[in-house]
Amino acid sequence: NAGVTQTPKFRVLKTGQSMTLLCAQDMNHEYMYWYRQDPGMGLRLIHYSVGEGTTAKGEVPDGYNVSRLKKQNFLLGLESAAPSQTSVYFCASSRSYGDRGQALHFGNGTRLTVT
Amino acid sequence: GENVEQHPSTLSVQEGDSAVIKCTYSDSASNYFPWYKQELGKGPQLIIDIRSNVGEKKDQRIAVTLNKTAKHFSLHITETQPEDSAVYFCAAASGGSYIPTFGRGTSLIVHP
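Residues numbered from 1 in each chain as written. Chains lettered and ligands numbered in written order. Predicted model: local features only at pLDDT ≥ 70, side-chain atom pairs only at ≥ 80, totals over all residues. Heavy atoms only, no water.

Engineer: Which parts of the structure should I look at to understand the state of the cysteines?
Structural biologist: In a disulfide, the sulfur atoms of two cysteines are covalently bonded to one another. With the rule as written, the count across this model stands at 2 disulfides over all chains. C23(A) shares a disulfide with C91(A); S-S distance 1.9 Å. Across the S-S bond linking C23(A) and C91(A), the dihedral sits near -75°, which makes this disulfide left-handed. Taken together, the residues C23(A) in strand β3 (residues 19-25) and C91(A) in strand β9 (residues 87-94) connect sequence positions 68 residues apart. The disulfide bridge from C23(B) ends at C90(B), spanning 2.0 Å between sulfur atoms. Measuring handedness by torsion sign, the sulfur bridge of C23(B) and C90(B) sits at about -100° and is left-handed. Placement of C23(B) in strand β3 (residues 19-25) and of C90(B) in strand β9 (residues 86-94) is noted, with a sequence separation of 67 residues between them. (Disulfide = S-S within 2.5 Å. Helix = DSSP H or I, 4+ residues; strand = E, 2+ residues; numbered from the N terminus.)

Engineer: Quick question: what am I supposed to make of the environment of L69(A) here?
Structural biologist: Position of L69(A) among the secondary structure elements: in the loop between β7 (64-67) and β8 (73-78). Along the backbone, L69(A) and T86(A) are 17 residues apart, and their C-alpha atoms lie at a distance of 26 Å.

Engineer: Explain the sheet that holds β3(A) to me, please; I cannot follow it from the model alone.
Structural biologist: As a general point, the strands of a sheet are linked pairwise by backbone hydrogen bonds and lie either parallel or antiparallel. Residue and element names in this part refer to chain A. In space, the 4 strands of this open sheet follow the order β1-β3-β8-β7, with antiparallel pairing throughout. In the strand order of this sheet, the two ends are held by β1 (4-7) and β7, each with one partner. For this sheet, the mean inter-axis angle between neighbouring strands, taken without regard to orientation, is 20°. (Pairing = 2+ DSSP bridges. Axes fitted to C-alpha atoms, helices over the stretch in contact; angles between N-to-C directions.)

Quick look at the structure:
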């Protein structure tokens, strides 16, 4: 049981290049999330999904797109990378909420540098 | 939307001392308050959570308290150990979406 796996772990892009970050979970969780972590800014939600085939915008969605074609995978895309997107990206998953909050399970992050 | 303030941003203690991290939230509808610990190079991991129908919860050396009236909640770590050194995040989530809003984190340093 690997939990939440993110690939790649590190990446360097030039301004204007595109890339896709992959997140996979093996816990059969309904909900998945993409966060970015910047120094002094905490964790900010980029996009999230409440089930296969669904996506929704979070707090900082501009410049990113996502897809959830399979329940276990959640992809984060950068179409034209900018230096402001230099960050550590975390994927997380959780069970469906029902009538109460649920713990998030995080991957170990992808460190992205845009030059 | 929800706004979570977390203090202090850095906390330095001696091994064996207690550490307290405080958070405030703005949305009175929030009813789920998790705390996460992030070790260097890893993703955050849930260490304890509390729901709005409970005022305090303990798990060994860790405790969380909630004051709904004042919209405050705090993490208490007793008998700190060097392995407690990490970044700690509080979060608040409200009924309906349950998407948590995170504080900016506290870097806890425990000196041997």
